[in-house]
Amino acid sequence: GQNIDQPTEMTATEGAIVQINCTYQTSGFNGLFWYQQHAGEAPTFLSYNVLDGLEEKGRFSSFLSRSKGYSYLLLKELQMKDSASYLCAVRDPGSGYSTLTFGKGTMLLVSP
Amino acid sequence: DTEVTQTPKHLVMGMTNKKSLKCEQHMGHRAMYWYKQKAKKPPELMFVYSYEKLSINESVPSRFSPECPNSSLLNLHLHALQPEDSALYLCASSQGAGSSYEQYFGPGTRLTVT
């Protein structure tokens, strides 16, 4: 089975930097995804980590440590439109298919 | 074109109705998925299709019946649903069903069962 933990809510100020953590305990691991979901909309892909280290993509970066079962999503130069839920999802290799188990999501509120 | 489309956007149905949700992608993806998402909860996987064959059924009740008529289309047939089935139903697709493929989500169908 999979257990994925993320903080429920975070607040930050426009222009600031915020780090959203995700820890996981899984029977197997084959990659970790971060998705952004605005209220009432579909999740959109942000990043994918399968090896340890930092992946940078514009204002967003994601880090993975497989030995610690830990990832974080770093958002820089926050904008109001970054207010959304951020979902950490772990790939389950057991089935051989691309199944994802999602954490409960972290609701980020960016204020002026 | 990196779009997954879903119709209808909203659906209200009674417990005795039969309805279908539709999903379409034209990215040449060979894996398609149905997820169910309740309010303030993460998406939960329901079904996985790989190369038009049902690969995974996550113990979903038989009142939900998936169908993949071709590689671009995925349907979810609904019959005799319960009010607790009200949720956002998300379709997703990926290039393949292997380990390195990201999933692209459609906008979802907001289903209300009365």
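Structure's up top.
Residues numbered from 1 in each chain as written. Chains lettered and ligands numbered in written order. Predicted model: local features only at pLDDT ≥ 70, side-chain atom pairs only at ≥ 80, totals over all residues. Heavy atoms only, no water.

Asks: Would you mind going over the overall build of chain A with me for this structure?
Replies: Counting its secondary structure elements, chain A contains 0 helices and 11 strands. The helix and strand sequence of chain A, counted from the amino end, reads β-β-β-β-β-β-β-β-β-β-β. For a compact globule of 112 residues, the expected C-alpha radius of gyration is about 13 Å, and chain A comes in at 14 Å, within 12% of that figure. Based on the C-alpha atoms only, the size of chain A along its principal axes is roughly 45 × 30 × 20 Å. Out of the 112 residues belonging to chain A, those deemed buried represent 46%. Partitioning the intrachain contacts of chain A with sequence separation of at least 6 by distance along the chain shows that 55% fall at a separation of at least 24. Surface exposure of chain A reaches about 5300 Å², of which carbon and sulfur atoms provide 51%. A distance of 4 Å separates the average location of the 8 positive side-chain charges in chain A from that of its 10 negative side-chain charges. (Helix = DSSP H or I, 4+ residues; strand = E, 2+ residues; numbered from the N terminus. Rg over C-alpha atoms; globule rule 2.2 N^0.38 Å. Buried < 20%, exposed > 50% of the residue type's maximum accessible area, 1.4 Å probe, protein only. Contact = heavy atoms within 4.5 Å. Areas by Shrake-Rupley, 256 points an atom, 1.4 Å probe, with all protein chains shown as cover. Lys, Arg positive; Asp, Glu negative; His and termini not counted. Charge placed at Lys NZ, Arg CZ, Asp CG, Glu CD.)

Asks: So what exactly am I meant to see when it comes to the environment of A:S61 here?
Replies: All names here are of chain A. One can find S61 in strand β7 (residues 60-65). Sequence separation between S61 and L46 is 15 residues, and the spatial gap between their C-alpha atoms is 9.0 Å. Dropping the residues within four chain positions of it, S61 is found in contact with L54, E55, E56, Y72, L73, L74 and K76.

Asks: Help me understand the side chain of B:H29, please; the structure alone is not making it clear to me.
Replies: All names here are of chain B. In this structure, H29 sits in the loop between β3 (18-25) and β4 (31-37). Only 3.5 Å separates the side chain of H29 from the backbone nitrogen of S94, close enough to count as a polar contact. Ignoring any residue separated from it by four or fewer positions in sequence, one finds H29 in contact with S71, S93, S94, Q95 and Y104. (Polar contact = N/O pair within 3.5 Å; in protein donor to acceptor, adjacent residues only side chain to side chain.)

Asks: In this structure, what is going on with the sheet that holds strand β1 (residues 2-5) of chain A? I would like to understand it.
Replies: Paired through their backbone hydrogen bonds, the strands of a sheet run either parallel or antiparallel. Residue and element names in this part refer to chain A. Strand order in the open sheet formed by 5 strands is β1-β3-β8-β7-β6, and the pairing between neighbours is antiparallel. With partners counted over all chains shown, the strands left at the sheet margins are β1 and β6 (53-57), one partner each. Along the sheet, successive strands turn relative to each other by an average axial angle of 15 degrees, direction set aside. Direction of pairing for strand β3 (residues 18-26) relative to strand β8 (residues 70-75): antiparallel, over a ladder of 6 bridges. (Pairing = 2+ DSSP bridges. Axes fitted to C-alpha atoms, helices over the stretch in contact; angles between N-to-C directions.)

Asks: I would appreciate a short explanation of the packing of aromatic side chains in the present structure.
Replies: Working definition: an aromatic ring pair is given by the centre-to-centre distance plus the angle between the planes. Enumeration according to the criterion identifies 15 aromatic pairs over all chains in this entry. Plain terms: the ring middles of A:F102 and B:F105 are 6.3 Å apart, the flat faces sit at 65 degrees to each other, and that makes the pair edge-to-face. With A:F102 in strand β10 (residues 99-102) and B:F105 in strand β10 (residues 104-105), this residue pair bridges two chains. Note on B:Y33 and B:Y35: the rings are 6.4 Å apart at their centroids and 35 degrees apart in plane angle, and the pair reads as tilted. Here B:Y33 matches B:Y35 in class, with each residue buried. Following the ring pairs from residue to residue traces out a cluster consisting of A:F33, A:Y35, A:F45, A:Y48, A:F102, B:Y33, B:Y35 and B:F105. (Phe/Tyr/Trp six-rings, centres within 6.5 Å; stacked < 30°, edge-to-face > 60°.)

Asks: Teacher, can you tell me more about the pattern of salt bridges here?
Replies: For side chains of opposite charge, pairing can occur when their charged atoms come near one another. By the definition in use, this model includes 6 salt bridges over all chains. A salt bridge links A:K76 to A:E56; the nearest nitrogen and oxygen atoms lie 3.8 Å apart. Here A:K76, found in the loop between β8 and β9 (84-92), pairs with A:E56, found in strand β6; they are 20 residues apart in sequence, far enough to count as distant. Judged by its relative accessible area of 28%, A:K76 is partly exposed. Of the residues examined, A:E56 reaches a relative accessible area of 56% and is grouped as exposed. Put simply, B:R30 and B:E52 hold a salt bridge, and the shortest N to O gap is 3.2 Å. (Salt bridge = Lys/Arg side-chain N within 4 Å of Asp/Glu carboxyl O.)

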